[in-house]
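Chain by chain, the residues:
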Amino acid sequence: MAKRTKLSAVLQGRCPQCREGRLFISKAYNLKKFLLMKKECDACGARFEKEPRFFDGAMYISYAMSVGLFLVSAFIINYTIEEANENTYLIAIITEVILLYPLMYRYSRVFFLYSFGGFKYTPKQNN
Ligand SMILES: [Zn+2]
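Draft legend 1. The arrangement of the nonpolar core in detail. In terms of nonpolar packing, the biggest core is built from 20 residues, with Leu23, Phe48 and Leu113 touching the most fellow members. At the level of secondary structure, the elements contributing two or more residues to this core comprise α1 (6–12), α2 (58–80) and α3 (86–116). With five residues, the top contributor of residues to this core is α3.

Now the structure itself:
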């Protein structure tokens, strides 16, 4: 079976070790459960939380993603809406943050785990 590329594993929220098991319990927009993450991989058993409060560092990645979103939004508003005032920016950015929160929460954890989780990907041999 062909293994996922690292990029597709990141985008699908898969285990950094085997790229098969899912990191999260539910879909991103299941609003009751989107925060819940599995403790270990269903496929290979790798523990995702390396130490207590490991994912606190994902806040910095989430912050960087938010700042990037603000900058892109401000740029687009500035060049597309001629009579934009500060309320236009505020409403657009608050709406985007609320709508994209589940994705930003998840991808900040996925990026943090792939960056600092200490996993080394070694595909299994078929023999
Ligand atoms: Zn795994």
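Draft legend 2. Main features of the packing of aromatic side chains. A full pass over the atoms with the stated rule returns eight aromatic pairs. Plain terms: the ring middles of tyrosine 101 and tyrosine 105 are 6.0 Å apart, the flat faces sit at 45° to each other, and that makes the pair tilted. Residue tyrosine 101 and its partner tyrosine 105 are located together in helix α3, separated by four residues, close to a single helical turn. Look at phenylalanine 112 and phenylalanine 116: their rings are 5.0 Å apart centre to centre, the planes differ by 45°, and that puts the pair in the tilted class. Taken together, the residues span about one helical turn, with phenylalanine 112 and phenylalanine 116 both in helix α3 at a distance of four residues. Residue classification places phenylalanine 116 among the exposed positions, given a relative accessible area of 56%. Feature note: the residues Phe54, Phe55, Phe112 and Phe116 constitute an aromatic cluster, connected by ring pairs.

Draft legend 3. Structural detail: the side chain of serine 108. With respect to the secondary-structure elements, serine 108 resides in helix α3. Aside from chain neighbours lying at most four places away, what touches serine 108 is Ala58, Ile61, Ser62 and Met65.

Draft legend 4. The pattern of salt bridges, seen in detail. A complete count under the given rule lists three salt bridges for this structure. Residue aspartate 42 is joined to lysine 38 by a salt bridge in which the shortest nitrogen-to-oxygen separation is 2.6 Å. Residue classification places lysine 38 among the partly exposed positions, given a relative accessible area of 21%. The salt bridge involving aspartate 56 is made with arginine 53; its shortest N-O contact spans 2.7 Å. Accessibility expressed as a relative area gives 64% for arginine 53, which makes it exposed.

Draft legend 5. Here's a closer look at the coordination of the zinc ion. Every protein donor of the zinc ion is accounted for by Cys15 (SG), Cys18 (SG), Cys41 (SG) and Cys44 (SG), and the metal-donor separations fall at 2.2 to 2.4 Å. Note that the zinc ion binds four donor atoms; their angles at the metal cover 104 to 113°, and the shape is tetrahedral. We note that the donor set of the zinc ion lies within a single chain, spaced as C-x2-C-x22-C-x2-C. Of this pair, cysteine 18 sits in the loop between α1 and α2 while cysteine 41 sits in the loop between α1 and α2, and the two are 23 residues apart along the sequence. For the residue pair cysteine 18 and cysteine 41, the accessibility class agrees, reading buried in each case.

Draft legend 6. Structural view of a nonpolar patch on the surface. On the surface, Tyr29, Leu31, Leu99 and Leu100 cluster together into a nonpolar patch covering about 410 Å² of accessible area. Topologically, leucine 99 is positioned in helix α3.

Draft legend 7. Just the side chain of arginine 109, in detail. Here arginine 109 shows up in helix α3. Buried within the structure, arginine 109 lacks any salt-bridge partner; its nearest side chain of opposite charge belongs to aspartate 56, at an N-O separation of 6.0 Å. The residues touching arginine 109, leaving out its near neighbours within four places in the chain, are Phe24, Met37, Phe55 and Ala58.

Rules used throughout
- Residues numbered from 1 in each chain as written.
- Predicted model: local features only at pLDDT ≥ 70, side-chain atom pairs only at ≥ 80, totals over all residues.
- Heavy atoms only, no water.
- Core = buried A, V, L, I, M, F, W, Y, C linked by side-chain atoms within 4.5 Å.
- Buried < 20%, exposed > 50% of the residue type's maximum accessible area, 1.4 Å probe, protein only.
- Helix = DSSP H or I, 4+ residues; strand = E, 2+ residues; numbered from the N terminus.
- Phe/Tyr/Trp six-rings, centres within 6.5 Å; stacked < 30°, edge-to-face > 60°.
- Contact = heavy atoms within 4.5 Å.
- Salt bridge = Lys/Arg side-chain N within 4 Å of Asp/Glu carboxyl O.
- Donors = N, O, S within 2.8 Å, 3.2 Å for Na, K, Ca; no water.
- Tetrahedral: all angles 85-135°; square planar, octahedral: opposite > 155°, others 65-115°.
- Patch = residues over 30% accessible without salt bridge, like charges linked within 9 Å, V, L, I, M, F, W, Y side chains within 5 Å.
- Areas by Shrake-Rupley, 256 points an atom, 1.4 Å probe, with all protein chains shown as cover.
- Lys, Arg positive; Asp, Glu negative; His and termini not counted.

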